[in-house]
Amino acid sequence: MSTKINKCVIIGSGPSGYTAAIYASRAGLEPIVFEGNAPGGQITMTEQIDNFPGYPEGISGFGLMEDIKKQALRFGAEVRNKVIKKVDFSKRPFVLETEDGNEVIAKSVIISTGASARWLGLESERKFRGMGVSTCATCDGFFYRKKDVAVIGGGDTACSEALYLSGLCNKVYLIVRRDVLRATKAVQEQIFSRENIEIVWKHKPLEILGDDSGVTGIRVISSEGEATKDIDVMGVFVAIGNIPNTDVFKGQLELNENGYIVTKGHSSYTSVDGVFAAGDVQDPTYKQAIVAAGSGAKAAIDCERWLMENPL
Ligand code: NAP
């Protein structure tokens, strides 16, 4: 059991966590980053990022996170490939516990645990997870080369997944519950220009169809609930938004009705002094890598100033 009192612990390793680590290490806070279950965060699943400044040719989500992580390491941040399973924010210094039962003591904590893909909640979706149902085209698209697949959702994530899959698959059905896409205009235009993407407007998934070999199709119902139809596909990619990763903080911090960490005004201060939040875990609105990175910088600055006033 470690008794060292760390100045700053960062939980989570997406754009916000690693950016907080750059700022915190440059400020001499000797941060330790706990990368969590998905090092680099959700963005590592995005094939191509074209809207992060500084990359005129675009970059993969994985490549972007590798670059930000390297920058944090360059200034001395320590990165541990561990998950924080438990926190006690009731007294200072704070006590955190890793999944293997080790305690970590921290004067301050920056939470940047991000968000995870939302599922439809269908029994058949659970049954065929890993057997044709996925939330990551970059990870699993390869298995559906020259096959037909469906993508559920009409936001930027669903459209990016559909675009990626259209380069690999024979046909991509994009199942959209309204008669408009939520995705940004530039992405919509790309979708409309792809010949092998068919948008199934105003339909919702009712059941994922399959057998022992995995997914064989998807049954959709019109949004008015009038008629169903079956579409033959071998893969179904669910891309209907995110839920914040805040289970471990329930009862420790103020969360809003959707589970996002509540931060004060424009700052990264949470309801507990000395605990800061950055990135998608506290942002139900923008959810962009660049915004998350900026909020990671803010959290590290807030943290540094707070530590100066509260040396403990
Ligand atoms: P989102 O913008 O919330 O879109 C979710 C989509 O799923 C919407 O089309 C929604 O339909 C649909 N949906 C939700 N629940 C559904 C259900 N039960 N059944 C069927 N459809 C359902 O989520 P997102 O696409 O994951 O994007 C999240 C944020 O990340 C956004 O701010 C987005 O701009 C950002 N993002 C950006 C990029 C990029 O810039 N490269 C890439 C990915 C994501 P309705 O429209 O009817 O609600």
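Scroll up for the structure.
The paragraphs below set out a description of the structure included in this document. As the structure is a computational prediction, the values presented were derived from the model and not from experiment.

1. Focus on the site of the ligand
Around the ligand sit 17 residues, and of these Asn 51, Asp 156, Thr 157, Arg 178 and Arg 182 come closest. A distance of 3.3 Å is found between an oxygen atom of the ligand and a backbone nitrogen or oxygen belonging to Gly 155. Lys 287 places a main-chain nitrogen or oxygen 3.3 Å from an oxygen atom of the ligand. In isolation the ligand offers 910 Å² of accessible surface; the protein chains occlude 79% of this area. Grouping the constituent residues of the shell around the ligand by class yields four nonpolar, eight polar and five charged.

2. A look at helix 6 (residues 185–193)
Turning to helix 6, its buried residues are Val 187, Gln 188 and Ile 191. Each buried residue of helix 6 lies within a common arc of 100° when the element is viewed along its axis, so the set occupies one face. In helix 6, the exposed positions that point more than 90 degrees away from the buried face belong to Lys 185, Ala 186 and Ser 193. Residues of helix 6 that are buried in the fold lie against helix 5 (156–166), strand 10 (171–175) and strand 11 (197–200).

3. Here we look at a positive patch on the surface
A cluster of basic residues, Arg 118, Arg 177, Arg 178, Arg 182, Lys 204 and Lys 287, forms a positive patch on the protein surface. In this fold, Lys 204 is placed in strand 12 (residues 203–211). Judged by relative accessible area, which is 36%, Lys 204 ranks as partly exposed.

4. Comments concerning the pairing of strand 1 (residues 5–11)
Among the seven residues in strand 1, five count as buried, and that is most of the element. Inspection of the sheet shows strand 1 paired to strand 6 (residues 103–111) by six bridges, in the parallel sense. Bridging across to strand 6, Ile 11 finds its partner in Ile 111. With three bridges connecting them, strand 1 and strand 2 (residues 32–34) associate as parallel partners. For Ile 10, the partnering residue across the bridge sits in strand 2 and is Val 33.

5. Details of the state of the cysteines
One pass over the full model with this rule turns up one disulfide. Between the sulfur atoms of Cys 136 and its disulfide partner Cys 139 the distance amounts to 2.0 Å. Handedness here is read from the sign of the S-S torsion; for Cys 136 and Cys 139, about 75°, the answer is right-handed. We classify Cys 136 as buried; its relative accessible area is 3%. Of the residues examined, Cys 139 reaches a relative accessible area of 41% and is grouped as partly exposed. Of all cysteine sulfurs, the one in Cys 169 lies closest to Cys 159, which takes part in no disulfide; the gap is 15 Å.

6. So, a nonpolar patch on the surface
A contiguous nonpolar surface patch, about 280 Å² in accessible area, is contributed by Tyr 286, Ile 290 and Val 291. Along the chain, Tyr 286 turns up in the loop between strand 17 (275–277) and helix 7 (289–309). With a relative accessible area of 55%, Tyr 286 lands in the exposed category.

7. Description of the nonpolar core
In terms of nonpolar packing, the biggest core is built from 28 residues, with Cys 8, Ile 10, Phe 52, Ile 68, Ile 110 and Cys 303 touching the most fellow members. When residues of this core are traced back to their parent elements, those giving at least two are strand 1, helix 1 (15–26), helix 2 (61–74) and helix 7. In this view, Ile 110 contacts Cys 8, Val 9, Ile 10, Ile 11, Ala 20, Phe 276, Ala 299, Ala 300 and Cys 303; residues no more than four positions away in its chain are not counted. Judged by nonpolar contacts, the second largest core, of 21 residues, contains Ala 137, Tyr 144, Leu 165 and Val 172.

8. Considering the environment of Leu 209
Relative to the elements of secondary structure, Leu 209 occurs in strand 12. Leu 209 sits in the buried class, given a relative accessible area of 17%. Counting along the chain gives 10 residues from Leu 209 to Arg 219, while the straight-line C-alpha distance between them is 6.9 Å. Those residues in contact with Leu 209 that lie beyond four places of it in its chain are Phe 128, Gly 214, Val 215, Thr 216, Gly 217, Ile 218, Arg 219 and Asp 230.

What counts and how
- Residues numbered from 1 in each chain as written.
- Predicted model: local features only at pLDDT ≥ 70, side-chain atom pairs only at ≥ 80, totals over all residues.
- Heavy atoms only, no water.
- Near = heavy atom within 4 Å.
- Polar contact = N/O pair within 3.5 Å; in protein donor to acceptor, adjacent residues only side chain to side chain.
- Areas by Shrake-Rupley, 256 points an atom, 1.4 Å probe, with all protein chains shown as cover.
- Nonpolar A, V, L, I, M, F, W, Y, C, P; charged D, E, K, R; others polar.
- Buried < 20%, exposed > 50% of the residue type's maximum accessible area, 1.4 Å probe, protein only.
- Helix = DSSP H or I, 4+ residues; strand = E, 2+ residues; numbered from the N terminus.
- Arc of directions from axis to C-beta.
- Contact = heavy atoms within 4.5 Å.
- Patch = residues over 30% accessible without salt bridge, like charges linked within 9 Å, V, L, I, M, F, W, Y side chains within 5 Å.
- Salt bridge = Lys/Arg side-chain N within 4 Å of Asp/Glu carboxyl O.
- Lys, Arg positive; Asp, Glu negative; His and termini not counted.
- Charge placed at Lys NZ, Arg CZ, Asp CG, Glu CD.
- Pairing = 2+ DSSP bridges.
- Disulfide = S-S within 2.5 Å.
- Core = buried A, V, L, I, M, F, W, Y, C linked by side-chain atoms within 4.5 Å.

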